[in-house]
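Tertiary structure, described
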Amino acid sequence: MDLDFVLGVIADGPTKSFAFRRLQYLRGKFTMYTLINEFQEMTEMKVRFALFLDMSRRFPDYLDHSAPLTGNVKSNYVDSTS
């Protein structure tokens, strides 16, 4: 039932044209947004990355989860073979 409805909408010419024009419009709006706010977005990304680096330097054990997981896998592997 749902598949028949979706296939009917896809096959409808005016609906396809409307959806295509709407997507083109939204793409244009997004492109305009990125052009206008490019420097602000880059600045925010740099600030967030700097905060992440600061956190990783202050709390290296808190952000590094590979060491505890590796230890658990090895201990489980040793327990299962003995």
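Reading guide: rules and limits
Residues numbered from 1 in each chain as written. Predicted model: local features only at pLDDT ≥ 70, side-chain atom pairs only at ≥ 80, totals over all residues. Heavy atoms only, no water. Helix = DSSP H or I, 4+ residues; strand = E, 2+ residues; numbered from the N terminus. Buried < 20%, exposed > 50% of the residue type's maximum accessible area, 1.4 Å probe, protein only. Patch = residues over 30% accessible without salt bridge, like charges linked within 9 Å, V, L, I, M, F, W, Y side chains within 5 Å. Areas by Shrake-Rupley, 256 points an atom, 1.4 Å probe, with all protein chains shown as cover. Salt bridge = Lys/Arg side-chain N within 4 Å of Asp/Glu carboxyl O. pLDDT = per-residue confidence, 0-100.

1. Quick word on the overall build of the protein chain
- When its secondary structure is counted, the protein chain shows 5 helices and 0 strands.
- Looking at the 82 residues of the protein chain, the share that counts as buried comes to 1%.

2. Topic: a nonpolar patch on the surface
- A cluster of nonpolar side chains, L3, F5, V6, L7, V9 and I10, forms an exposed patch at the surface whose accessible area comes to about 570 Å².
- For L7, the position within the fold is in helix 1 (residues 2-11).
- Of the residues examined, L7 reaches a relative accessible area of 46% and is grouped as partly exposed.

3. What about the confidence of the model for the protein chain?
- Summary statistics for the protein chain give a mean pLDDT of 78 and a share of 71% for residues scoring 70 or more.
- Mean pLDDT across the elements of the protein chain ranges from a minimum in helix 5 (residues 66-81), with 52, to a maximum in helix 2 (residues 13-36), with 94.

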